[in-house]
Amino acid sequence: MPDTAADLCHLRRAIELADEAVTEGNHPFGAVLVSARGNVLAEGKNTFSTDRGPGHAEANLARDAARRFDIETLRGATLYTSVEPCSMCSGTIYWAEIGAVVFGMTEQRLGELTGDDPENQTQDLECRVIFASGQREVTVRGPFDALEDEIVAQHADFWERT
């Protein structure tokens, strides 16, 4: 059974990592990978300044995790991210064998905030749809209404400045 308090704690860390990414000259996205026992295994940030479009925090973290951890660990792990993973990130999470995803705000809501910004060409495609098309289950929890205002403010501030 999911622990909402733990989910909120890890989502807040993802939000902090997104702020760090912005400080480093990147887009406001961060991600945290947590083991089945609740230990933080790894963290990731957006790397737009060096990777441009594909430098998403979730994909960066999933690729790193796939290199570092065995499949059993990954299938028991949960990836936390403040914004629902896009189609690219969802595919990378799936292929990395990560077992669960928890997100704070939907990709659709992000699209409303960024509009047609060429640096964030958001697709209106839920991660649940992508995961459901695969051969193994990826558990998804989100969005978390308790964090949406905070995440919206973070993104509105960033995208208005770019």
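Preceding this paragraph is the structure being described.
Model, not experiment: these values are computed from the prediction. (Residues numbered from 1 in each chain as written. Predicted model: local features only at pLDDT ≥ 70, side-chain atom pairs only at ≥ 80, totals over all residues. Heavy atoms only, no water.)

**A few points about the sheet that holds strand 1 (residues 30-34)**
With respect to topology, 5 strands assemble into an open sheet ordered 2-1-3-4-5, the strand pairing being mixed. Each edge of the sheet is formed by a strand with only one pairing partner; in this case those strands are strand 2 (40-45) and strand 5 (139-141). Strand after strand, the sheet turns through a mean of 15° between neighbouring axes, direction not considered. One ladder, built from 4 bridges, connects strand 1 with strand 3 (residues 78-83); its direction is antiparallel. (Pairing = 2+ DSSP bridges. Helix = DSSP H or I, 4+ residues; strand = E, 2+ residues; numbered from the N terminus. Axes fitted to C-alpha atoms, helices over the stretch in contact; angles between N-to-C directions.)

**Observations concerning helix 5 (residues 87-95)**
Looking only at helix 5, the buried set comprises Cys89, Ser90, Thr92, Ile93 and Tyr94. Considering only its buried residues, helix 5 is in contact with helix 3 (57-68), strand 3, strand 4 (100-105) and helix 7 (127-132). With its phi angle positive at about 75°, Glu97 sits one or two positions after the end of helix 5. (Buried < 20%, exposed > 50% of the residue type's maximum accessible area, 1.4 Å probe, protein only. Contact = heavy atoms within 4.5 Å.)

**Thoughts on the pattern of salt bridges**
Under the definition given, this model contains 11 salt bridges. With its nearest N and O atoms 3.0 Å apart, the salt bridge here joins Lys45 to Glu20. Remark: Glu20 occurs in helix 1 (residues 4-23) and Lys45 occurs in strand 2; sequence separation between them is 25 residues. Using a relative accessible area of 30% as the deciding quantity, one classes Glu20 as partly exposed. Measuring nitrogen to oxygen at the nearest pair gives 3.3 Å for the salt bridge that ties Arg109 to Glu148. Note that Arg109 is positioned in helix 6 (residues 107-114) and Glu148 in helix 8 (residues 145-161), a separation of 39 residues in sequence. On the accessibility criterion, Arg109 (25% relative accessible area) is partly exposed. Through salt bridges with shared partners, a single ionic network connects Arg13, Glu16, Glu20, Glu24, Glu43 and Lys45. (Salt bridge = Lys/Arg side-chain N within 4 Å of Asp/Glu carboxyl O.)

**Regarding the side chain of Thr78**
Residue position: Thr78 is located in strand 3. Setting aside residues up to four positions removed in sequence, Thr78 forms contacts with Val32, Leu33, Val34, Ala100, Val101, Val102 and Arg141.

**Description of the packing of helix 3 against helix 5**
Interhelical geometry of helix 3 versus helix 5 gives an angle of 15° and a closest axis separation of 8 Å. When the axis of helix 3 is compared with that of helix 5, the two are roughly parallel. Two packed elements cross with a definite hand, and for helix 3 against helix 5 that hand is left-handed. For the pair helix 3 and helix 5, contact is made by Glu58, Ala59, Ala62 and Arg63 and by Met88, Cys89, Thr92 and Ile93, respectively. Looking at side-chain class alone, the contact of helix 3 with helix 5 contains 5 nonpolar, 1 polar and 2 charged residues. (Parallel < 35°, antiparallel > 145°, perpendicular 65-115°, else oblique. Left-handed = near helix turned anticlockwise from the far one by under 90°. Nonpolar A, V, L, I, M, F, W, Y, C, P; charged D, E, K, R; others polar.)

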